[in-house]
Amino acid sequence: MTNHYIDLKNSDCILIMGSNAAENHPIAFKWILRAKDRGAKIIHVDPRYTRTSARCDYHVPLRSGTDIAFLGGMIKYIIDNNLIQEEYVKYYTNASQIVSADYDFQDGLFAGFDAEKRSYNKKTWTVEKDDKGIPVRDYTLENPRCVYRMLQKHYDRYTLEKVSSITGVSKDNLLKVYKEYGATGAPDKAGTECYALGWTHHTTGSQIIRAMSIIQLLLGNMGVCGGGINALRGEPNVQGSTDHAILYNILPGYLKMPTGSLDTLAKYNDKYTSKSTDPQSANWYQNYPKYTVSFLKAMWGDEATAENDFGYSWLPKMDDGKHHSILHTIDAMYAGKIKGFFAYGSNIAVSSPNSTKVRKGLQKLKWMVNVNLFDNETASFWKAPGVDPKLVDTEVFLLPASASVEKAGSQSNSGRWVQWRHRAANPPGEAMSDGTITMLLMDAIRALYREEGGACWEPILNLKWDYRNSLGRFDPVKAAKQINGHYTKDLVIEDKTTGAKEVNRKGETVPSFAKLMTDGSTSCGNWLMAGSFDQKGENKMMKRGKEDPTGLGLYPEWGYAWPLNRRIIYNRASCDPQGRPYNPKMKLLEWVGDKWVGDVADGPWPPLADKEKGKLPFIMKADGVGAIFGPGMVEGPFPEHYEPLEGPLAKNPLSGQLLNPAIKIFKSDLDKVANADQQYPYVCTTYSCTEHWCSGFTRWQPWLLEMMPEAYLEIGEKLAEKLGIKNGERIKVASVRGGVECVAMVTKRLKPFEVEGKVIHQVGMPFNYGWRFPEGATDASANYLTPSVGDANTFCPEYKAFMVNISKA
Amino acid sequence: MSQELIKLIDLSRCTACRGCQVACKQWNELPATRTKNTGSYQNPPDLQWNTWTLIRFQEHEDRSGNVKWLFRKDGCMHCTDAACAKVCPTEALYHTEFGNVSLNVDKCIGCKACVFACPFGVPKFNAATNKIYKCDLCYTRLQGNQPPACVQSCPTGALQIGPKAAMLDKAYKRVKALGGDASVYGDKFVDGTHVVYVLPEKVEVYDHLPKHPQIPLQIIVWKEFLKPAGLLVAGAVVAGAFLHYITHGPKMPEEETTSEGGNKS
């Protein structure tokens, strides 16, 4: 989240779209209801009417997979009705910059598309720069090539008629939402958006979120109380997992994973260090090398020296142009290319798309190590219904792990608040924390390397590897301190103007990432976490201070919010260029005298109006402004509506390009797709519920299973009537990839859509179920139905829009 | 009763997360049963001997054709004029100092009179133990100055507990703020319940929620008239017999009775 959970109560209008917040983020919903108590409008846009809709002011149903059309229509409405926060748009975004003459968009494709490679050459996706290298700006926003006018031109096609026909949303409902949300463009009003997997689980997921970011920039809602883009992260501490880089393509703190062609530290740093010649741009990523070097020091300690590039060559590299998402990994597994698989706290046989392909892929492994609290469909894939164990050669190790309450450590919530947890109970039997399991495994690997040698021994034997406590178990505090960082030697820094000396002793924890160095004098496992301990070694993640001096719910003494305890990021944009808060009733920041008062400001520099020392607000961007034109995405600088991989239409109503042109298409024999196919006429989505956790290890918990015992398909009354299906009856639901049997839940909460003149029915199914438990459970994993395809930027699978057929069982 | 408490259930804040349904089971160590999905999120389908609170899910189309999903936390209403306590022959069901109806399970003889009597269908019988069970408003927690487990678990503040007057005041203020068809339910019958609802919709819209709950007539007749009358009559018979004994003495055998048989010759 750019903001945080408690801040939701400060909003004037909350759009919940791409989220079923009341069901999947029930505690967070408390704050949304507090906003409602204050008179805020709460809007729920979702294919289904859910428990969230029941508590919102109103529900707007839309066809799954059409969010960009909906949001594009909102962008057009905001521009046409002049609802933008004008000063904010002019000075704090790139709206005023001039798009290069070569940039173009025709019939669904941007300039530079290579159809064979399914990728873009982005060299035309640039803006004009002056001779100093600073973007040229037209603050009148009249230049037809300025970003604002190019934005207007791009969304000109997203008329109410077109958007209604694509999404199935009535024009009345479109206008209702656009008007209500657009009103937050007033400088003293704030609107916020809550999204989760309803937005990320699409082939255009990242662009859906980009579309909302554009809206928030147009309305001046970024960096203000009650505003922002609030991603509600997942149950398995997804926020913590991405912060600490449990993803193939990033290093801790969202640093980039290097590819093989970046074979020296200098090349790597050069590629990713942001450059700017604008004195008013803070360009914070110019400090990138400090974070890289400090990270390498954290990995290899004293073995990492300036002479060996701080061990950069020991860091694993990705092959250029190759990706290793779960979709790629499963594809490689199915092709027999993967020998061994560590499945930590995961159950891909239930939670990954195209379960048939996944489960057949697992059969080709030589070994699997499954670390979990319970057995599951992945660990026991070899004895699933229909599998003959005699024909499976995989050796499976099931290691019992301790649950989150059975170990100490930090958890990062969606609001970037990192809170330390103590151990509440001892794990049962031989169960151990993942940390201990990993540590003992690596100890054994290192011992083998010492005895037998082996390829690439340096990174393994040179590792800094002293994270154990006196009992030989993983010590989370030691690891947390390593992640925070420390001085590797005594470091005295003298301020030349004042003569003041800053004395730092070897071993002291660094109090801020602003202290990190490129010369190896600091070590830091994750630059965002620098400051989670103070220099005396006190763990700020343990703080539980209930003071709230601003009254805005910031609670600066509770836990540690990265970065640097900043509670709302981009907060400089909450003030005008003179440093006066846009909303005097909610002073997130104010420039008083010679400093910022309120939240931890995005840098101490004066506001923009100070021509000498003032800085632009979006300090993480090279040009210092929010990106309306966003060339960083793989499929285009402006979000464009494309249909899901498998949808009801043969033609995209908005252009000649049916699908996202940059998505990876997998081609195994199990990757069948049935687009606009009469045999699979219904749009289906999948989701979770309050009662179950992801792939369903909660099925082992009797009180939870009692409430939600088995899989069901939610099907609207009209479709049920057409098919002669009664509520509670057993039915079969199938896609071209596979089918399941489950209970029909006939409901008023799903209504058919009128899309391009045809009636299209929407259905949905929870994904939490599988054959392993409870006894007698059917193999009703919803992911038998879903396709192996994902977002073009992140490869997050398209779980939420595909086509099915339904019949009586 | 100065400690009289009311648990307020504000349905306008309920998201049907069912934290309360699970918290109740956890605190009271009630087992789960194996259920089936019969086409609803509601499970188990009704209150049971081992399910003392249940979130009811109800799809409703209002006058304008808008779909609404209504959630209601069902469970014991803890009536002041409680039919169950009235009819219980062993006083297993009794009122506490907080106004709730608590249950001393050891005294329950499984007669099921309360099951018949309750206008809300709350007490549930377990054939295996021959006893009834129901919510006791977490009486032992109240004695320890803790809120009931359900109230503790609720993330949105839909469940609150506090002194009677203050909670009724809150309820009426909330109903006023909500407007529309909202109403307070509970304070106007059975001499007032200690579980009070803020209902966003009209009472008749809700499944399983009686509009005018009252103790069944038979029980009133039995308890208020027949039983006292019967006791009175029984008492009079005993008193009469006693008086007769004191005044006329015990019944003695007749004096004409001979000791020999009649046919002597």
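Before reading on, note that the structure itself is shown above.
The notes below deal with the structure included here. Since the structure is predicted, the reported quantities are computational estimates derived from the model, not experimental observations.

1. Examining the overall build of chain B
For chain B, the helix and strand inventory stands at seven helices and 10 strands. What you see for chain B is a C-alpha radius of gyration of 26 Å, clearly larger than the 18 Å of a compact globule of 265 residues, by over 25%. Once the C-alpha set of chain B is aligned to its principal axes, its extents read approximately 105 × 45 × 40 Å. When each of the 265 residues of chain B is scored for burial, the buried share is 48%. When contacts within chain B are restricted to residue pairs at least 6 apart in sequence, long-range pairs at least 24 apart make up 58% of them. Of the accessible surface of chain B, which amounts to about 13,800 Å², a share of 57% is contributed by carbon and sulfur atoms. Averaging the positions of the 30 positive and the 25 negative side-chain charges in chain B gives two centres separated by 7 Å.

2. Here we look at the pairing of strand 2 (residues 54–61) of chain B
All names here are of chain B. With respect to burial, strand 2 is a largely interior element, six of its eight residues being buried. With eight bridges connecting them, strand 2 and strand 3 (residues 67–74) associate as antiparallel partners. If you follow H60 over to strand 3, its bridge partner there is K68. Hairpin connection of strand 2 to strand 3: five residues between the antiparallel strands, including G65 at a positive phi of 85°.

3. Observations regarding the environment of V136 of chain A
All names here are of chain A. Looking at where V136 falls in the secondary structure, it is placed in the loop between strand 7 (119–120) and helix 6 (147–154). For the pair V136 and V99, spaced 37 residues apart in sequence, the C-alpha to C-alpha distance is 9.4 Å. When neighbours within four sequence positions are excluded, V136 is seen to be in contact with S96, Q97, I98, E128, K129 and D130.

4. A closer look at helix 6 (residues 164–178) of chain B
Taking 1.5 Å as the rise per residue, helix 6 of chain B with 15 residues should run 21 Å; its terminal C-alpha atoms sit 21 Å apart, in good agreement. Buried within helix 6 of chain B we find M167, L168, A171, R174 and V175 of chain B. Around the axis of helix 6 of chain B, the buried residues are gathered within 125° of arc, so they sit on the same side. In this structure, helix 6 of chain B carries A165, K173, K176 and A177 of chain B as exposed residues pointing more than 90 degrees from its buried face. The inward-facing, buried residues of helix 6 of chain B abut helix 2 (29–37) of chain A together with strand 1 (5–10), strand 8 (159–163), strand 9 (183–185) and strand 10 (195–199) of chain B. Positive backbone phi, at 65°, marks G179 of chain B, one or two positions downstream of helix 6 of chain B.

5. So, the packing of helix 4 (residues 67–80) of chain A against helix 7 (residues 160–167) of chain A
All names here are of chain A. The N-to-C vectors of helix 4 and helix 7 enclose an angle of 160°; their axes lie 9 Å apart at closest approach. Taken together, the axes of helix 4 and helix 7 are roughly antiparallel relative to one another. Crossing hand, helix 4 versus helix 7: left-handed. On the side of helix 4, the interface is formed by A69, F70 and G73, while helix 7 contributes V163, I166 and T167. Grouping the constituent residues of the contact of helix 4 with helix 7 by class yields four nonpolar, two polar and no charged.

6. Some remarks on a nonpolar patch on the surface
A surface patch of nonpolar side chains, about 340 Å² in accessible area, is lined by F342, W367, F397 and L441 of chain A. Position of L441 of chain A among the secondary structure elements: in helix 17 (residues 434–452).

7. So, the sheet that holds strand 27 (residues 738–747) of chain A
All names here are of chain A. The strand order around the closed barrel formed by six strands is 24-30-25-27-26-31, and the pairing between neighbours is mixed. With strand direction ignored, the average angle separating the axes of adjacent strands in the sheet is 45°. By the bridge criterion, six bridges tie strand 26 (residues 730–735) to strand 27 in an arrangement that is antiparallel. Paired with S735 across the bridge in strand 27 is G738.

8. As for the pattern of salt bridges
One pass over the structure, following the stated rule, counts 55 salt bridges over all chains. The shortest N-O distance in the salt bridge between D576 of chain A and R580 of chain A comes to 2.9 Å. The closest approach of N and O atoms between R18 of chain B and E691 of chain A, which form a salt bridge, is 2.9 Å. With one member in each of two chains, R18 of chain B in the loop between strand 1 and helix 1 (19–28) and E691 of chain A in the loop between strand 24 (682–687) and helix 20 (702–707) form a pair that bridges those chains.

9. A word on the environment of N484 of chain A
All names here are of chain A. Turning to its location among the elements, N484 is positioned in helix 19 (residues 476–484). Put simply, N484 and V683 are 199 residues apart on the chain and 47 Å apart in space, counted from C-alpha to C-alpha. Aside from chain neighbours lying at most four places away, what touches N484 is T509, V510, C524, M529, A530, G531, S532 and F533.

10. Things to note about the interface of chain A and chain B
Interface size is commonly expressed as the accessible area that is lost once the parts come together. With 40 residues of chain A at the interface, the matching set in chain B holds 39 residues. Counting each side, the surface lost to burial between chain A and chain B is near 3,100 Å², with a carbon and sulfur contribution of 56%. When residues of chain A are sorted by the area they lose upon contact with chain B, W703, E706 and M707 of chain A head the list and together hold 24% of the total. Counting the contacts that link chain A with chain B gives six salt bridges. Those elements that place two or more of their residues in the side of chain A that touches chain B are helix 1 (21–24), helix 2, helix 3 (51–55), helix 20, strand 25 (712–716) and strand 27 of chain A. In terms of residue count, helix 20 of chain A provides more of the side of chain A that touches chain B than any other element does, six residues in total.

11. Here we look at the packing of aromatic side chains
Residue and element names in this part refer to chain A. Counted by the stated rule, this structure contains 48 aromatic pairs over all chains. A ring pair is formed by F105 and F110, whose centres lie 4.7 Å apart and whose planes are at 55°; its orientation type is tilted. For F110, a relative accessible area of 3% puts it in the buried group. Judged by centre distance (5.5 Å) and plane angle (75°), the ring pair of W300 and W314 falls under edge-to-face. Here W314 lies in the loop between helix 13 (288–300) and helix 14 (326–334) and W300 lies in helix 13, a separation of 14 residues in the sequence. Taken together, the aromatic side chains of Y268, Y272, W284, Y285, Y288, Y291, Y312, F513, W527 and W605 make up a single cluster linked through ring pairs.

The rules we used
Position numbers for residues start from 1 in each chain and track the written sequence from start to end. Think of it this way: whatever chain is written first is A, whatever ligand is written first is 1, and the rest follow in order. Under the rules for a predicted model, residues below a pLDDT of 70 receive no local features and side-chain atom pairs below 80 are neither given nor counted, while totals for whole chains, interfaces and linings still include all residues. Side-chain numbers come from the whole structure's heavy atoms, not from hydrogens or water. Helical segments are the DSSP runs of H or I of at least four residues, strand segments are the runs of E of at least two, and each set is numbered from the N terminus. As defined in this context, the radius of gyration uses C-alpha atoms, and a globule is described by 2.2 Å times the residue total to the power 0.38. Burial classes: relative accessible area under 20% of the type maximum marks a residue as buried, over 50% as exposed, and values in between as partly exposed (1.4 Å probe, protein chains only). Here a residue-residue contact requires only that any non-hydrogen atoms of the pair lie within 4.5 Å. Residue burial considers only the protein chains on display, and all accessible areas are found by Shrake-Rupley using a 1.4 Å probe. Residues scored as positive are Lys and Arg, those scored as negative are Asp and Glu, and His as well as the terminal groups of each chain are ignored. Taken as the charge location is NZ of Lys, CZ of Arg, CG of Asp or CD of Glu. By this definition, two strands are paired if DSSP reports at least two bridges between them. Here the expected length of a helix is defined as 1.5 Å per residue gap, with one fewer gap than residues. For this quantity, the arc is that covered by the directions from the helix axis to the C-beta atoms. Comment: axis = line fitted to C-alpha atoms, over the contacting stretch for helices; angle = value between 0 and 180 degrees taken between N-to-C directions. Any angle that is under 35 degrees is reported as roughly parallel, and any over 145 degrees as roughly antiparallel; angles of 65 to 115 degrees are reported as roughly perpendicular and all others as oblique. By convention the crossing between two helices is left-handed if the near helix lies anticlockwise of the far one by an angle smaller than a right angle, and right-handed if it lies clockwise. All residues other than Ala, Val, Leu, Ile, Met, Phe, Trp, Tyr, Cys, Pro, Asp, Glu, Lys and Arg, Gly among them, are scored as polar; the first ten of these are nonpolar and the last four charged. Patch building starts from residues that exceed 30% relative accessible area and form no salt bridge, then joins like charges within 9 Å and nonpolar side chains (Val, Leu, Ile, Met, Phe, Trp, Tyr) within 5 Å. Any Lys or Arg side-chain nitrogen located within 4 Å of an Asp or Glu carboxyl oxygen qualifies as a salt bridge. Here the quantity called buried area is the accessible surface, traced with a 1.4 Å probe, that two parts lose on coming together, added over both. Only Phe, Tyr and Trp rings take part, Trp by its six-membered ring, and two of them pair if their centres are within 6.5 Å. Stacked means planes under 30 degrees apart, edge-to-face means over 60, and tilted covers everything else.

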